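Here are the chains, one letter per residue:
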Amino acid sequence: MITVNKLIPQGRGLAPVLVKRAAMLALDWDTRQKSRFDAEDSQGRTLAVFLPRGSVVRGGDVLVAEDGSLVAVQAAPQAVMVVRPCAEHGQPFDLLRAAYHLGNRHVPVDLRADRLQFEPDPVLAEMLRRMHLTVTEEQAGFEPEGGAYQAGGHGHAHDHGHDHGHAHDHGHAPAPARGKPIAIAVSAAPAPHVHGPGCGHDHGHGHDHDHKH
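All of these numbers come straight from a predicted model, not from anything done at the bench.

Draft legend 1. The arrangement of the overall build of the protein chain in detail. In terms of helices and strands, the protein chain carries four helices and ten strands. Helices and strands in the protein chain line up, N terminus first, as β-α-β-α-β-β-β-β-β-α-β-β-α-β. Across the 213 residues in the protein chain, those meeting the buried criterion constitute 33%. Residue pairs in contact within the protein chain that sit at least 24 positions apart in sequence constitute 68% of those at least 6 positions apart. Counting every atom, the protein chain has about 14200 Å² of accessible surface; 54% of that belongs to carbon and sulfur.

Draft legend 2. The sheet that holds strand S8 (residues 110-111), seen in detail. Judged by pairing direction, the sheet is antiparallel, and its four strands sit side by side in the order S8-S9-S7-S10 without closing on themselves. In the strand order of this sheet, the two ends are held by S8 and strand S10 (133-140), each with one partner. Where strand S7 (residues 78-85) lies against strand S9 (residues 116-118), three bridges are found, and the strand directions are antiparallel. When the bridges of S9 are listed, Val 82 appears paired with Gln 117. Taken strand by strand, helix H3 (residues 92-104) contacts S7, S8, S9 and S10, and its axis lies near 25° from that of S9.

Draft legend 3. Up close: the side chain of Asp 61. Looking at where Asp 61 falls in the secondary structure, it is placed in the loop between strand S4 (46-50) and strand S5 (62-65). Among the polar contacts listed, one links the side chain of Asp 61 to the backbone nitrogen of Gln 10, at a separation of 2.8 Å. Here the side chain of Asp 61 touches Arg 58 through a polar contact of 2.8 Å, landing on its backbone nitrogen. When neighbours within four sequence positions are excluded, Asp 61 is seen to be in contact with Leu 7, Ile 8, Pro 9, Gln 10, Gly 11, Val 56, Val 71, Ala 72 and Val 73.

Draft legend 4. Spatial organisation of the environment of Arg 21. Looking at the secondary structure, you find Arg 21 in helix H1 (residues 16-21). Since its relative accessible area comes to 66%, Arg 21 is described here as exposed.

Draft legend 5. How the structure looks around the nonpolar core. Residues Val 83, Leu 102, Leu 116, Phe 118, Leu 128 and Leu 133 are the most contacted members of the largest nonpolar core, which totals 16 residues. Sort the elements by how many residues they give to this core and helix H4 (residues 122-129) lands first, with four residues. Leave out the neighbours within four places in its chain, and Leu 128 touches Val 83, Ala 98, Leu 102, Phe 118, Leu 133 and Val 135. Counting residues in each nonpolar core, the second largest holds 14 residues, with Leu 25, Phe 37, Leu 47 and Val 71 among its members.

Draft legend 6. The arrangement of the packing of aromatic side chains in detail. This model, assessed by the stated rule, comprises one aromatic pair. Both rings, one in Trp 29 and one in Phe 142, keep their centres 6.4 Å apart while their planes meet at 90°; by these two values the pair is edge-to-face. With Trp 29 in helix H2 (residues 29-32) and Phe 142 in the segment after S10, the pair connects residues that are 113 residues apart, well separated along the chain.

Draft legend 7. Inspection of H4 at higher detail. Buried within H4 we find Leu 124, Ala 125, Met 127 and Leu 128. Burial along H4 is one-sided: seen end-on, the buried residues are contained in an arc of 160°. Turned more than 90 degrees from where H4 packs its buried face, Pro 122 and Val 123 sit exposed. By the N-cap criterion, in which a side-chain oxygen at the helix start approaches the backbone nitrogen of a residue two or three places on, H4 is capped by Asp 121, the distance to Val 123 being 3.1 Å.

Draft legend 8. A look at the sheet that holds strand S1 (residues 2-8). The strand order across the open sheet built from six strands is S2-S6-S5-S1-S4-S3, with neighbouring strands paired in mixed fashion. Each edge of the open sheet carries a strand with a single partner, namely strand S2 (23-27) and strand S3 (36-40). In this sheet, neighbouring strand axes are inclined to one another by 35° on average, regardless of whether the strands run parallel or antiparallel.

The rules we used
- Residues numbered from 1 in each chain as written.
- Predicted model: local features only at pLDDT ≥ 70, side-chain atom pairs only at ≥ 80, totals over all residues.
- Heavy atoms only, no water.
- Helix = DSSP H or I, 4+ residues; strand = E, 2+ residues; numbered from the N terminus.
- Buried < 20%, exposed > 50% of the residue type's maximum accessible area, 1.4 Å probe, protein only.
- Contact = heavy atoms within 4.5 Å.
- Areas by Shrake-Rupley, 256 points an atom, 1.4 Å probe, with all protein chains shown as cover.
- Pairing = 2+ DSSP bridges.
- Axes fitted to C-alpha atoms, helices over the stretch in contact; angles between N-to-C directions.
- Polar contact = N/O pair within 3.5 Å; in protein donor to acceptor, adjacent residues only side chain to side chain.
- Core = buried A, V, L, I, M, F, W, Y, C linked by side-chain atoms within 4.5 Å.
- Phe/Tyr/Trp six-rings, centres within 6.5 Å; stacked < 30°, edge-to-face > 60°.
- Arc of directions from axis to C-beta.

The values are spatial; any link to function lies outside them.
Here is the structure:
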């Protein structure tokens with residue numbers, strides 16, 4: 001058994017050729033959010049992983065074994081609920097609403113540009129379908145969003161290199177004086193989309209449709 005106690009997020013600083021030659025290790029989310037676990041890599045080696053408590057391993061991270069060898073981590077496909085806008089009448093805003101309601105229930109959500117993913121939950125799936133979203137169960141890698149104040153956030157750490165310690169004038173409006181009200185413009189919520197007969201959703205939620213024959 002080989003001990004692993006170091007993690008390099010997204011393999012930063014490593015030559016791509018070294019990562020390409022590294023042994024592979026596919027792990028589901030349940031395992032990757034643990035700081036201590038045993039696993040077997042693609043070379044058949046048994047690994048005893050001991051990381052600092054609170055560590056989360058993301059797909060694309062690289063583990064370093066005690067013998068100096070590298071192990072590239074992949075997010076193993078697992079059962080997830082995939083949420084997409086209605087193909088015929090959906091809007092991008094629908095996913096924002098879905099993400100809000102899932103977050104309000106403290107559900108770990110994997111945010112993608114065109115879909116949301118969360119661990120299987122039939123009750124939540126039915127809730128989203130009633131919001132006119134398409135929900136399917138699929139096999140996919142699961143990378144739920146991390147807390148905004150967690151180191152690395154979603155695990156996709158972006159080095160923006162902003163230097164906020166200089167005195168350049170960026171044209172920002174001056175801060176209002178203390179005690180004075182601040183006017184905030186709020187855009188109107190978009191009108192709900194209307195579903196036609198070809199939508200494919202089960203409209204079993206009490207709409208009163210006035211059909212004229």
